[in-house]
Every structure is written in C-alpha cells, then in structure tokens.
Amino acid sequence: MSATPIPVTLITGYLGSGKTTLLNHILTNEEGVRAAVIVNDIGEVNIDASLIQQNGVVDMSDSNLVPLSNGCICCSLAGDLTKQLGELADSGDYDHIFIEASGICEPIPIAYNIMAFGEDRGEGKTPLALDNIIAVVDAKRMFDEFAGGKALLADDLDEDDIETLLVQQLEFCTTVLLNKADLVTPEQMAELRAIVRSLQKEAVVIESTNADVPMAELIDTGRFDFEKAYSSAAWIDAMEHPEEHEDPEVLEYGIQTFVYREHRPFSRELFENVLNSWPRNVIRCKGTLWFSDDPAMCYLFEQSGFQFSAGQNGRFVASADPETQKQLFEENPEIADHWDPVWGDRETELVFIGRQMDRARVEDKLNAALDPDFDPSDLD
C-alpha cells in the first residue's frame, strides 16, 4: 500500500453559508479527482448528507459519502471521525478526503485529531495529511453583522453563538471563501475583505457565488501548517508586533487594533461591570488578565459579539517559591525579558479588534476596573 499521505480538507462555516453547495461542486468535479466526503451534523438526522443525496450526487449505496450524526466531530464523535478517515484512506479508492464540520464545531480540536491520527498510522496503513482548512462565509450576513454595524439582539443566543464560532473559524483557517458575493455590492465586499483581514492575517481569501470555486483552490494546496495557521490570528500578531499590524486595507474602513497592557490587577466585581457595558463595536478581544482576589493565577479572556469567557491559564511564575522560580528562569530565559521588579510576570495584555472604536474610552473603562485598594506588598 502506498505510503503517500491522502490529503484532507476540513470545511467549516455556519448553517446557510454554502458548505453543502460547495461539497456538491466537489463531488461532481470533472477534473478526475476521486473525492470522499464525511459530513457531520449535530442532530439525529444528518440534514446536509440528505441534501447531497437528494441533489443526485450520491445515494445511500455510494461509499464516498459518510454521514456522522447526533454529535460533534470535535468532541463526542472524534473517534468515529478517525475510524471513517482510516477506512476511506485504506480503501485506496480516493485521492482526497473532505470533511464538512457542523456549524457549531471548533476547527482546532478537529485539526489536532486529524494530525495525531493521520501522521503515524503504523505498518500497512495509509497516512493522512491535513492540507487545507476552509472557512465558508455568507458575505451578506457577515457584512450585516460586522461591517454594517448592526448589533445582534442581546437575548438572541443562537445568533451570538454563531458569531463567536464564526470568529473562531476565521482565526484558524488557511482559506476563506466569501460566498454569496452576488448579494453584496463591490463596496461592501471590499469592506468585508478588510474585516476578514482584521481577524485573519495570512489565509487565502476567495470570493464566490453559489460556492463555485476552482478545485485547485481546494485540494493539494499545501497551505496547512499548524503553527502558521495558529499564529495567523490577528490578535496574536498584534500581541507580538504591536507596531506592525496597521494594515492600510483594514484602516481604510475604520477597523483598528490596539493592545491594552497593565500590571495592576482588576477587581473582579468592577471588571464584570465593564462587561455589562461592553462597547458594541468591538468585534474581538482576547488576551490574558489577572484579578486581585486570585493573584497567583493568570486568566485567558475571550470576547466575540456578546460572548465572554475567562478561564484559568496557569499560575504566574512570580507566585512560585524562589527555588522553582530559579529553575523556571533557567529553563525559560525569555521570562526575564518581560519581568517587572514589582509585579514579576503578572500583567494584563488584551488585544482589541473593532470598528470605529474609541480607544481612550475603552482604556478609561478598563482603568476604572483596576482594584484601587490592591497593594503590591500584599504579594509578598
């Protein structure tokens, strides 16, 4: 059996963006590409697989369409996904495998699973290689929700969840398909491209109508590299290069990025008050912060739309005993580059990406949430 890896393309995007239409184009390609498709739907009935069958591309007797239902391939169905990937790869019948993820799937865990499973499958097994991650975007809806400045209703949780996932899908992809281009004006499309670039620095961006895209943009692209894909998110770029992210295409449409840095801790109560009055024109905020009531712990903060989360991200080096600190400095000398004589490595770093943001007002609100009663001597 050939040791040449079978390339895999992961397709993400929320419901209605055009993923199923794209798959129908792939399965009916006239370029001789033998494609297999795994379709994931969160419900008991796999609606997308049924639509592909109804459109006459395949039927239940065809083996190149594999439906995975009643679960998500980034978590509960991860084992089923790798099992089906292995069977399709070892059959020798296919040149390429496409995976359509459910609209609620996060791409990073799926990529992890494909990489871990596909690289070293053992003697006699065909390896797999992730080649491309495509984020399919409904151009009209994306413009309305982001570029048009039309905020989602705060009590519309489904819409909020979609917005959050859309941002995550854009941040971790190698190709962005701006679908339904015929439903927006050229001016709107130009603004949409700027919004995408404000979230994603490196991915190839393609405009399409009815998801009609050349196969060369979908297969054998060689675009996926995990570290490059992970670091292409604009918030990471802004954190690492705060003075180099001012893209003229982005700035032209009033989209800006800035980094808020502060050594002093937030009061948890005051910070929650900030969340209750969060600026509606902030598209994305991500970074690390700390609270005065838990000075040993670094928290990872994320916001997109009306969704907020702050989870523990590990203890600060400064909170360790002197012997452990010495060992950590020897193993990670770069810690010294950001070490403060008073606060150590305790620092808040938050990247803001938004449209027509009032930076001074945002910073004033955050500064007002710093704990006014916290004394650095309490850290001793």
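Below or above, wherever it landed, is the structure these notes cover. Just so it is clear, the model here is predicted, and its values are computed rather than measured.

Cut-off values and rules
- Residues numbered from 1 in each chain as written.
- Predicted model: local features only at pLDDT ≥ 70, side-chain atom pairs only at ≥ 80, totals over all residues.
- Heavy atoms only, no water.
- Helix = DSSP H or I, 4+ residues; strand = E, 2+ residues; numbered from the N terminus.
- Buried < 20%, exposed > 50% of the residue type's maximum accessible area, 1.4 Å probe, protein only.
- Contact = heavy atoms within 4.5 Å.
- Areas by Shrake-Rupley, 256 points an atom, 1.4 Å probe, with all protein chains shown as cover.
- Phe/Tyr/Trp six-rings, centres within 6.5 Å; stacked < 30°, edge-to-face > 60°.
- Pairing = 2+ DSSP bridges.
- Axes fitted to C-alpha atoms, helices over the stretch in contact; angles between N-to-C directions.
- Salt bridge = Lys/Arg side-chain N within 4 Å of Asp/Glu carboxyl O.
- Polar contact = N/O pair within 3.5 Å; in protein donor to acceptor, adjacent residues only side chain to side chain.

1. Observations regarding the overall build of the chain
Point 1. Secondary structure summary: the chain contains 13 helices and 12 strands in total.
Point 2. The proportion of buried residues among the 380 residues of the chain is 51%.
Point 3. Sequence separation of at least 24 residues holds for 75% of the intrachain contacts in the chain that already meet a minimum separation of 6.
Point 4. Of the roughly 17,500 Å² of accessible surface on the chain, a fraction of 47% belongs to carbon and sulfur atoms.

2. Considering the packing of aromatic side chains
The geometry of two aromatic rings is summed up by the distance between their centres and the angle between their planes.
Point 1. Following the criterion strictly, the structure yields 19 aromatic pairs and no others.
Point 2. On the basis of an interplanar angle of 10° and a centroid distance of 5.0 Å, the ring pair of Phe258 and Phe352 is categorised as stacked. One end of the pair, Phe258, is in strand β8 (residues 255-262); the other, Phe352, is in strand β12 (residues 348-355), with 94 residues separating them in the sequence.
Point 3. Between Trp290 and Phe316, the aromatic rings sit 6.1 Å apart at their centres with planes inclined by 75°, giving edge-to-face as the arrangement.

3. Focus on the sheet that holds β12
Point 1. A sheet is described by the order of its strands in space; here 5 strands give the open sequence β8-β12-β9-β10-β11, paired in antiparallel fashion. Taken across any chain shown, the strands that pair with only one partner, and hence form the sheet edges, are β8 and β11 (307-315). Each adjacent strand pair in this sheet contributes to an overall mean axis angle of 10°, direction not counted.
Point 2. By the bridge criterion, 7 bridges tie strand β10 (residues 297-304) to β11 in an arrangement that is antiparallel. Pairing of Gln303 across the sheet is with Phe308, part of β11.

4. Some words on the pattern of salt bridges
Point 1. Counted under the stated rule, the structure contains 11 salt bridges.
Point 2. Arg261 is the salt-bridge partner of Glu349, the closest N and O atoms lying 2.7 Å from each other. Residue Glu349 is located in strand β12, and its partner Arg261 is located in strand β8; the two are separated by 88 residues in the primary sequence.
Point 3. Ionic pairing is found between Arg268 and Asp293, a salt bridge with its closest N-O pair at 2.9 Å. Of this pair, Arg268 sits in helix α11 (residues 268-276) while Asp293 sits in the loop between β9 (282-289) and β10; the two residues are 25 residues apart in sequence, bridging distant segments of the chain.

5. A word on the side chain of Asn179
Point 1. Tracing the backbone shows Asn179 in strand β6 (residues 175-179).
Point 2. Overall, the relative accessible area of 2% leaves Asn179 in the buried class.
Point 3. A polar atom in the side chain of Asn179 sits 2.9 Å from the side chain of Ser208.
Point 4. Engagement of the side chain of Asn179 in a polar contact is seen with the backbone nitrogen of Asn210, the distance being 3.5 Å.
Point 5. If we ignore the near neighbours within four places in the chain, the residues touching Asn179 are Ser17, Gly18, Val136, Val137, Asp138, Ala139, Ser208, Thr209, Asn210 and Ala211.

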